[in-house]
Amino acid sequence: PNANLFAALRAAFPSDLDAIAVETDDGLYYSWRDLDRASAMIANLFDALGLKAGDRIAVQVEKSVEAMMLYLATLRAGYVFLPLNTAYRAGEIEYFIGNAEPAVVVCSSANADWVAPLAIAAGTQHVFTLDDDRKGTLLEVAAQCSDQHKVAQKKPDDLAAILYTSGTTGRSKGAMLTHRNLQSNAEVLKDYWGWRPGADVLIHALPIFHVHGLFVAIHGALISGSRMIWLSRFDPKRVVARLPDATVFMGVPTLYTRLLAEPTLTREICNGMRLFISGSAPLLLETFEAWRERTGHTILERYGMSETVMLTSNPYSSVQGERRGGTVGFPLPGVQLRVRNDAGEPCVAGEIGHIEVAGPNVFAGYWRMPEKTREEFTDDGYFKTGDVGQVDGLGYVTIVGRSKDLIISGGYNVYPAEIEGYINELAGVAESALIGVPHPDFGEVGVAIVTPKPGAALDGEAIVAELKGRLANFKVPKRCFVVPELPRNAMGKVQKALLREQHKSLFK
Ligand code: ATP
Ligand code: MG
């Protein structure tokens, strides 16, 4: 048997290869045969370059169906796919390419003048371009290759991809993912979320350099032989307009809040939808409730990360339980998840501690960081996620923050998510972020950064005063700043490290 993930995806293609696999929002149609042929041609191109097993193919291109074909071709030919955030500029690309030492770099032609020299300086032998309008040297050369290709033989532990983490807590790390990691997770999600081969249609509106859009969304559709409606970028109006043609949508929380701001989003337009999924960052309870109110659908929130693909999910079917807002649901089949306190003892139900996980989905380690890899695994082989949370008596997992964002104030633990929950309930507050800031007496104190709802006037001091009546003193933020927007990265994650940096001298 061949453990190559591509073989599993290919086996799930419908028997009618002329059926539509991908439809772009600007009117292009790709059949399953197109995906098969194009991935074969690009795979043949890579084979002709004489690459070695394990060679990395680094890709920084705008989102397009061809960019997905490039991913499929990399799997098919047995090399290691390494996607890079399209927002990265020279300083970042130099670091990532220097760190990854890819044999091949594919970039957009607009960036080739600065990416190519960086790649060549790092030892890359082949630089191709690929644009979002089907132009570029990659496809020009691939057009001369055969459209027949035998899928490369792979073992379960062979690397399929290196995914750099989002860099929310510090410098991005390259998570090495194997064919087994990706395939086991894709198959689990196919069952857990009730994908219906041939009957589902996914609206794909996420970037494809990240675990959410690249693995959860693309694998989900392909391994169930389902069609995708492909949006090259998220546009709330276009998403709403396409809802009647679709059954599944995946988004980060900010996409849901932007969709809610669209007056065209109604219960009727969502009639044919089967499932709305959210992840990558915490979904506010308010958004969860507003969505249910407006559309009649209950968002299914799930939790995962670059290093592990998906770990937990709220139930799909009511037989398993209800979807609970504010929680990320149950560990997926095959995932072992435990919570331990600072002393390393198992937490009881409802007790907050460090989340550790094991399973066939857990990555092979950080690329060229053996030390860091060792540090982040326990002696009995669990990966320390860096997230802090709890499991309740029924088994629902709740994330309360990241261990790096934990605030220890005068010796007491302050969990940002708890305080943010209180702040978000105050009149006029849209969102909040609680950060720890160095303090001469308490070591650290909480500082709240708050954004107002449209039209609301907020006063930081009044917010602090209100919280004093509701929370133990050590939990009350010492200061509160009102800002128009929280800084977020491409995946909608609040950049607390940046906020901490901005406020680090507040009490000095
Ligand atoms: P870095 O590891 O570089 O600091 P990152 O952890 O943000 O960045 P990713 O792997 O993209 O990089 O994100 C995984 C993290 O996203 C998880 O560890 C968790 O903190 C957060 N996350 C994902 N889904 C959810 C969710 N549903 N609710 C809350 N947090 C989530
Ligand atoms: Mg992380």
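Figured I'd write up the structure that's included with this text. (Residues numbered from 1 in each chain as written. Chains lettered and ligands numbered in written order. Predicted model: local features only at pLDDT ≥ 70, side-chain atom pairs only at ≥ 80, totals over all residues. Heavy atoms only, no water.)

A short note on the site of ligand 1
Step number 1: With respect to spatial proximity, 20 residues lie near ligand 1, and among them Thr 165, Ser 166, Thr 168, Thr 169 and Asp 387 are the closest.
Step number 2: The side chain of Lys 173 places a nitrogen or oxygen atom 3.2 Å from an oxygen atom of ligand 1.
Step number 3: At a separation of 2.6 Å, an oxygen atom of ligand 1 approaches a polar side-chain atom of Asp 387.
Step number 4: Its free accessible area being 630 Å², ligand 1 has 96% of it covered by the protein chains. (Near = heavy atom within 4 Å. Polar contact = N/O pair within 3.5 Å; in protein donor to acceptor, adjacent residues only side chain to side chain. Areas by Shrake-Rupley, 256 points an atom, 1.4 Å probe, with all protein chains shown as cover.)

What about the pairing of strand 4 (residues 80–83)?
Step number 1: Of the two faces of strand 4, the one lined by Val 80 and Leu 82 and the one lined by Phe 81 and Pro 83 are each fully buried.
Step number 2: Bridge count for strand 3 (residues 56–60) against strand 4 is four bridges, and the pairing is parallel. Residue pairing across strands places Ala 58 opposite Leu 82, the latter belonging to strand 4.
Step number 3: A crossover links strand 3 with its parallel partner strand 4, the connecting element being helix 3 (residues 65–77), and its sense is right-handed. (Buried < 20%, exposed > 50% of the residue type's maximum accessible area, 1.4 Å probe, protein only. Helix = DSSP H or I, 4+ residues; strand = E, 2+ residues; numbered from the N terminus. Pairing = 2+ DSSP bridges. Right-handed = clockwise from strand over helix to strand, strands pointing away.)

Section: the nonpolar core
Step number 1: By size, the foremost hydrophobic cluster in this structure holds 117 residues, and its most contacted members are Phe 46, Trp 193, Phe 215 and Phe 249.
Step number 2: Element by element, the count of residues in this core is highest for helix 3, at ten residues.
Step number 3: Beyond its immediate sequence surroundings of up to four residues, Phe 249 is in contact with Leu 202, Ile 203, Ala 205, Phe 234, Val 239, Leu 255, Tyr 256, Leu 259, Met 273, Leu 275, Phe 276 and Ile 277.
Step number 4: Among the nonpolar cores identified, the runner-up in size contains 19 residues, and Leu 84, Phe 96, Ala 112 and Tyr 164 belong to it. (Core = buried A, V, L, I, M, F, W, Y, C linked by side-chain atoms within 4.5 Å. Contact = heavy atoms within 4.5 Å.)

Brief notes about the sheet that holds strand 18 (residues 383–391)
Step number 1: Pairing within the open sheet is antiparallel, and its four strands lie in the order 16-17-18-19. In this open sheet, the two edge strands, each paired with only one partner strand, are strand 16 (336–340) and strand 19 (397–402). For this sheet, the mean inter-axis angle between neighbouring strands, taken without regard to orientation, is 45°.
Step number 2: Here strand 17 (residues 353–358) runs beside strand 18; their pairing, made up of four bridges, is antiparallel. Residue Gly 353 lies in a different strand from strand 18, and its bridge partner there is Gly 389. (Axes fitted to C-alpha atoms, helices over the stretch in contact; angles between N-to-C directions.)

Notes on the sheet that holds strand 24 (residues 479–482)
Step number 1: Strands sit in the order 22-23-24 across an open sheet of three strands; the sheet is mixed. The open sheet has two edge strands with one neighbour each: strand 22 (429–439) and strand 24. Mean inter-strand twist for the sheet, computed between neighbouring axes without regard to direction, equals 25°.
Step number 2: Pairing geometry for strand 23 (residues 443–452) and strand 24, over four bridges, is parallel. Looking across to strand 24, one finds that Ala 448 is bridged to Cys 480.
Step number 3: Strands strand 22 and strand 23 of the sheet are contacted by helix 13 (residues 416–425), whose axis makes an angle of about 140° with strand 22.
Step number 4: Relative to strand 24, helix 14 (residues 460–468) is tilted by about 135°, and along the sheet it contacts strand 22, strand 23 and strand 24.

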